[in-house]
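# Coordinate inspection notes
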Amino acid sequence: MLFDFIISLAEVIIFLYDIVSYPIYYILGYRISKKNLSTPSPQPWLVTEGSEGISFVRETSKDDSNPIYKDIILDNKVDTVKKALDYSAKKHGAKICLGTRQVLGESDETQSNGKVFKKLSLGDYNWISFDEVHRISTHFGRGLRELGQQPHTPIAIYAETRAEWIMSAFGAFSQSMYVTTLYTNLGDDAIIHGINETEVDCIITSYDLLPKFKTMLAKCPRVKTLIVMEDQLHQTDLTGYQSDVRIIQFQSVVTHGATSKVEDVPPGPKDTAIIMYTSGSTGTPKGVILAHENLIATSTSIMFLEDFRQDIYIAYLPLAHVLELLSECTMMMFGVPVGYSSPNTMTDVSTMVQKGYKGDASILQPTMMCVVPLILERIYKNIMDKVNAKGKNFQKVFDFCYRYKLYWYHAQTPTPIIDRLVFNKIKALLGGKMRFVITGSAPLSPQTHEFLRVVLGVTLVQGYTMTETTCTGTCMDPEDNSVGRVGPPMAGVEVKLVNWEEGNYRVTDKPNPRGEICIGGAAVAKGYFKQDDKTKESFFEEGGKRWFKSGDIGEFDKKGSLKIIDRKKDLVKLQAGEYVSLGKVESQLKTHPLVENICVYADSFQFNTVAIMVPIQNALMKLAQELGKSGLDYESLCNDNDIKQAVISSLSSYGKNRNLEKFEMPTKVTLSPEIWTPESGLVTAAFKLKRKCIQALFQPSIDKMYAEIV
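Report on the accompanying structure.

Scoring rules and cut-offs
- All chains use their own residue numbering, which begins from 1 and follows the written sequence.
- Local features are withheld for residues below a pLDDT of 70 in this predicted model, meaning they are given only at 70 or higher, and side-chain atom pairs are given and counted only at 80 or more; totals for whole chains, interfaces and linings count all residues.
- Side-chain figures throughout are based on the complete set of non-hydrogen atoms in the structure, without hydrogens or water.
- Strands here mean DSSP runs of E at least two residues long; helices mean DSSP runs of H or I at least four residues long; both are numbered from the N terminus.
- Residues are treated as being in contact if the distance between any of their heavy atoms lies within 4.5 Å.
- Residue burial considers only the protein chains on display, and all accessible areas are found by Shrake-Rupley using a 1.4 Å probe.
- Burial status follows relative accessibility: with a 1.4 Å probe on protein chains alone, a residue under 20% of its type maximum counts as buried, one over 50% as exposed, and anything between as partly exposed.
- An arc is given here, and it is the one of the directions from the helix axis to the C-beta atoms.
- Axes, fitted as lines to C-alpha atoms, cover a helix only where it is in contact. Angles between the N-to-C directions of the axes lie from 0 to 180 degrees.
- Here is the rule for angles: anything less than 35 degrees is roughly parallel, anything more than 145 is roughly antiparallel, 65 through 115 is roughly perpendicular, and the remaining ranges are oblique.
- Think of it as three bins: nonpolar holds Ala, Val, Leu, Ile, Met, Phe, Trp, Tyr, Cys and Pro, charged holds Asp, Glu, Lys and Arg, and polar takes everything else, Gly as well.
- Just to be clear on terms, a salt bridge is a Lys or Arg side-chain nitrogen sitting within 4 Å of an Asp or Glu carboxyl oxygen.
- By definition, two strands form a pair when at least two bridges between them are found by DSSP.
- If you view a crossover with the strands going away from you and the path from the first strand over the helix to the second runs clockwise, you call it right-handed.

### Notes on the overall build of the protein chain
A tally of regular secondary structure across the protein chain gives 21 helices and 28 strands. The contacts of the protein chain with a sequence gap of at least 6 include a subset with a gap of at least 24, amounting to 67%. In the structure as shown, the protein chain presents an accessible area of about 31500 Å², 53% of it carried by carbon and sulfur atoms.

### Digging into helix α8 (residues 250-258)
Of the residues making up α8, those classed as buried are Phe250, Val253, Val254 and Gly257. Looking down the long axis of α8, one finds its buried residues gathered within 100° of arc, a one-sided arrangement. Looking at the packing, one finds that the buried side of α8 touches α4 (130-146), α5 (163-174), β8 (225-229) and β9 (246-249).

### Considering the packing of helix α13 (residues 392-410) against helix α14 (residues 416-427)
Two elements in contact, α13 and α14, have axes whose closest approach is 11 Å; the angle formed by their N-to-C orientations is 100°. Put simply, α13 runs roughly perpendicular to α14. Side by side, α13 and α14 meet where Phe398, Cys401, Tyr402, Tyr404 and Lys405 of the first sit next to Ile418, Asp419, Val422, Phe423 and Ile426 of the second. Taken together, the residues of the contact of α13 with α14 sort by class into eight nonpolar, no polar and two charged.

### Digging into the environment of Phe540
Assignment of secondary structure puts Phe540 in strand β21 (residues 539-542). In this structure, the C-alpha to C-alpha distance between Phe540 and Gly527, residues 13 residues apart in sequence, is 9.6 Å. Excluding residues within four positions of it along the chain, Phe540 makes contact with Cys518, Lys545, Arg546, Trp547 and Lys549.

### Looking at the pattern of salt bridges
In total, this model carries 31 salt bridges according to the counting rule given. Salt-bridge contacts for Lys270 lead to Glu293; the nearest nitrogen and oxygen are separated by 3.4 Å. One end of the pair, Lys270, is in the loop between α8 and β10 (272-277); the other, Glu293, is in helix α9 (residues 292-303), with 23 residues separating them in the sequence. On the accessibility criterion, Glu293 (30% relative accessible area) is partly exposed. Between Glu494 and Lys545 there is a salt bridge, and its shortest N-O distance comes to 3.2 Å. One end of the pair, Glu494, is in strand β18 (residues 493-498); the other, Lys545, is in strand β22 (residues 545-556), with 51 residues separating them in the sequence.

### So, the sheet that holds strand β28 (residues 666-671)
The pairing of strands in a sheet happens through backbone hydrogen bonds and is either parallel or antiparallel. Across the sheet, which stays open at both edges, the three strands sit in the order β26-β27-β28 with mixed pairing between neighbours. This sheet does not close on itself; its edge strands, each paired only once, are β26 (595-602) and β28. Across the sheet, the mean angle from the axis of one strand to that of its neighbour is 25°, orientation sign disregarded. Sheet analysis places β26 next to strand β27 (residues 609-615), joined by seven bridges and oriented antiparallel. Bridge pairing in β27 links Asn597 to Val614.

### Some details on the pairing of strand β15 (residues 436-439)
Within a regular strand, side chains alternate between the sheet's two faces. Residues of β15 alternate between two faces, with Phe436 and Ile438 on one and Val437 and Thr439 on the opposite face, all of them buried. Direction of pairing for strand β14 (residues 368-371) relative to β15: parallel, over a ladder of four bridges. Bridging across to β15, Cys370 finds its partner in Ile438. In terms of strand pairing, β15 meets strand β16 (residues 459-464) through four bridges, oriented parallel. Residue pairing across strands places Ile438 opposite Val461, the latter belonging to β16. Taken together, β15, helix α15 (residues 446-455) and β16 constitute a β-α-β crossover, and its handedness is right-handed.

Structure below.
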């Protein structure tokens, strides 16, 4: 009671302080340089309407008023990735380019539960310049030629995100070779499929992943060469591999190339650069064919998004993902230093950072990064867990500070005192200087979006892109402070909505047009590798442009900003006639403090949905204590009916507060104690749900849940 009075008194004092200080801040012009986009404003979208569709396009890619675009693309005629690297070296020369954290040592640390974690002692970042990146890449490409690789043939890269990955790709491009990219956490069968389908005979991998080829090579008969990126601490063990496969160190290939007399064979704009295997949520991964002109078109679009020339970029997402690959390529054209990291070493509290050492972000102090929603959801939950662990009084203080900053954020006014006392400590998680974050690949919940934008003090924009469009589509304007939207078309991209009668979405809908999203422009891929039927199904030519049918359902507002409202494959019609968007429900429930991951299932012959959920172990144990079941172990709790009923009740209340309809909410839940990983086959490498795989594994539980519904 006394504490509540103190909080109320503090609110009154701060309110009076705001009244006195705001005019001073306003006169001094101490305001956030963001315009409030809550009211309509003119936008440069050209709108075309027809009976079947409505298009929004931003025709700015030919506009030479953008100095970055004019300098790089127009004046230097950059139309391939090789020319982009040549430009970067010429323009930025001795400036630092790629940074790798020094590993000083490693040790094993036994946890209280008996598990053993590997811990690293880490030093500073070691940097190489733009000139050095160009030299190493060029020599590596010539070294590939010395090994017998020919222009216009494929190589594969199967490695973690690191400097040697991008330099290997640049080297291949310099000789008109194209790169097959493979996620490191794809299952062995998917890796073997990608290697065999593209018929590569040379694979570039890392020290950590090399041992997997002791078994995989037997199923990849064309592979004759493995190039290994060296480890900082350990020598590569070459025993136990097929005798007819040569294994060569990355640096040796560079050395061979340095004395090579072969000429570079530069690619043309229409030559294939990448065959990028998507971590598809159904079926065998598909290889997307991306030409050099596709990659440059995407970099051009990014140039119109923001001026990044003074930034420092932290790289940790898989380079086999189109978002990371295009971000790094574009940052290099901007002259932005790229520092490499991993989720295991990024922050001071990351799992592999030894006590007493700093995480990568603390050392690098980056200002810009790309993320996927899963990472942001985990950051949100970690912050809230730490707040809640400090007791109810602290929660009240934090809630007041958050509401205070949220109000002034929307008023475009900084809060330096609250930031210094509270939020700068949170911002320090990412190094303290982070200013710009882009998220894509899956929907980000509005609650998480607004929360992190406020407490981290960053510009957090959400985009909508895919591999098939080379990471172009739509992206929020940096000055847009709304949530739940993915922004207008990127520069040079046309986005069209087309009627989907089955789902009752039409471009004539009021107040806003709705329909299936189709993306057209120079960034749209050639198609799927060796899958002509699927290419014809998803790609088409119209109006002089190449188009891709996304399968997602969108809605344009009056300002040309897109909102994803449904997905054709995720839409299920219940027995009573209601349509349920499974992805929409999951995106809301994933932010619940009990939920690690969740898959909602709907049977068209039933009146309700059910769910399979991976709980957060600590949160479930806490719930068990509240229910008087603290004597049960974790797996027993997942099977306990009282626990499951309590979880459903909590999810229902949570969903109701987030405007989910009653028929959308699961009425039964199965708790899965095992975390879903790409290795388990239940999520993709980008951590999207594999619905069919989850359904197949949990079908008995699904049948049981429906049988229990009265």
